[in-house]
Amino acid sequence: MRTLGVLILFWLGLAGCKTQARDTSLSVYTKEDILNDLEHLQPYKQLPDFEHPYLYTAGSRITLFADSTRWAIVFEKVGYGEGAELELTFFGNCLVNQPKQGLNGQYLGNCSYFQLITPNELANIEAGREPESFELVSRDAKQLKVRDTYLPIEHDVQKYKQKKINVQDFDNPARLIDFTALVRYLFEENSELFRATEVELRSLLPNNLPKLFVINKWHHKSYYVFPDGSNKPYGVKPRDYETYPMIGDILETKDTTKWKPTLKPNNDWRYWPKAGGM
């Protein structure tokens, strides 16, 4: 019986050690798991494309979510395409409500889309449908509805230039403000109205996943696969420069002081001039 008692005490001691280990801030996932997920792409699971040919980017940011067993990265991108759009790109080990995409729904998508300015709202302020006035703002237009808020329209080209926002110079003899420049200007003047709401940020996430950190400026390199079924990657892997290993460290340890970038931020749309080129 004494031997059995010793064994029981020994087992309880081991159990206590295991319990103590679980109480540390270490996660059941690792930085390597996160980097692998960011690099395991398919046609409907992609990193954000800052030079997407059908979206003139106006703004972006990253939000990190994590607890001891779950993690998620939400990339946020706003721009002018079909109206003004908010595109959210999700990575994580706990995604929910993912749309089925591709032939017979063989892929799970990792994006959510929200319209901030409808095409009808833009049509109401358009100078006309002829080439010399297509997607240009009428001088008579005073305001534009973004979500449920009306914002004043600025017509002074010089104020756009002060923000390094180029106004369309071709097919624009009257020097009217174009839709792309307007959306970029309104974003910079009223960015919070264009940012994702909590509901939108969590559209593919569990509701109780804690928010950890928000990153407004970072260095990004393109990495993608073509939607041709080959899944052949192009670009620079996220693990090959500091941004995403650093994000992986933060998610694994929950230590936001690890965000100490040395590379110049380039997520601003001005660094990606080919965006919207189609």
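Preceding block: the structure.
So, a few notes on the structure that sits alongside this text.

Thresholds applied
- Residues numbered from 1 in each chain as written.
- Predicted model: local features only at pLDDT ≥ 70, side-chain atom pairs only at ≥ 80, totals over all residues.
- Heavy atoms only, no water.
- Pairing = 2+ DSSP bridges.
- Helix = DSSP H or I, 4+ residues; strand = E, 2+ residues; numbered from the N terminus.
- Axes fitted to C-alpha atoms, helices over the stretch in contact; angles between N-to-C directions.
- Contact = heavy atoms within 4.5 Å.
- Buried < 20%, exposed > 50% of the residue type's maximum accessible area, 1.4 Å probe, protein only.

**Some remarks on the sheet that holds strand 1 (residues 56-66)**
So, point 1. The strand order across the open sheet built from five strands is 6-3-2-1-9, with neighbouring strands paired in antiparallel fashion. Both edges of this open sheet fall to strand 6 (111-117) and strand 9 (211-215), since each of them pairs with a single strand only. This sheet shows a mean twist of 20° between the axes of neighbouring strands, independent of strand direction.
So, point 2. Here ten bridges tie strand 2 (residues 71-81) to strand 3 (residues 83-92), and the two strands are oriented antiparallel to one another. Bridging from a neighbouring strand, Glu 76 pairs with Leu 88 of strand 3.
So, point 3. Across the sheet, helix 2 (residues 31-39) is in contact with strand 2 and strand 3; its angle to strand 2 comes to roughly 35°.

**Details of unusual backbone geometry**
So, point 1. In the Ramachandran plot, Lys 164 falls in the positive-phi region, its phi being about 60° despite a non-glycine side chain.
So, point 2. With respect to the element layout, Lys 164 can be found in the loop between helix 4 (157-162) and helix 5 (179-189).
So, point 3. A relative accessible area of 63% places Lys 164 in the exposed class.
So, point 4. With a phi close to 65°, Lys 254 is a non-glycine residue in the positive phi region.
So, point 5. What makes Lys 254 partly exposed here is its relative accessible area of 24%.

**Things to note about helix 2**
So, point 1. Along helix 2, the positions that sit buried rather than exposed are Ile 34, Leu 35, Asp 37, Leu 38 and Glu 39.
So, point 2. Looking at the buried residues of helix 2, the elements they touch are strand 2, strand 3, strand 10 (223-225) and helix 8 (243-253).

**Observations concerning helix 8**
So, point 1. Counting buried positions along helix 8 yields nine of eleven residues, so the element is predominantly enclosed.
So, point 2. Those residues of helix 8 lying buried are Thr 243, Tyr 244, Pro 245, Met 246, Ile 247, Gly 248, Ile 250, Leu 251 and Glu 252.
So, point 3. One or two steps after helix 8, the chain reaches Lys 254, where phi turns positive at roughly 65°.

**Here's the deal with the environment of Pro 233**
So, point 1. For Pro 233, the location among the structural elements is in strand 11 (residues 233-235).
So, point 2. Here Pro 233 falls in the partly exposed class, since its relative accessible area comes to 42%.
So, point 3. Along the chain, Pro 233 and Gln 42 lie 191 residues apart, while their C-alpha atoms are 9.0 Å from each other.
So, point 4. With residues near it in sequence (within four places) discarded, Pro 233 still touches Tyr 223, Tyr 224 and Val 225.

Treat this as a map of the structure, not an account of what it does.
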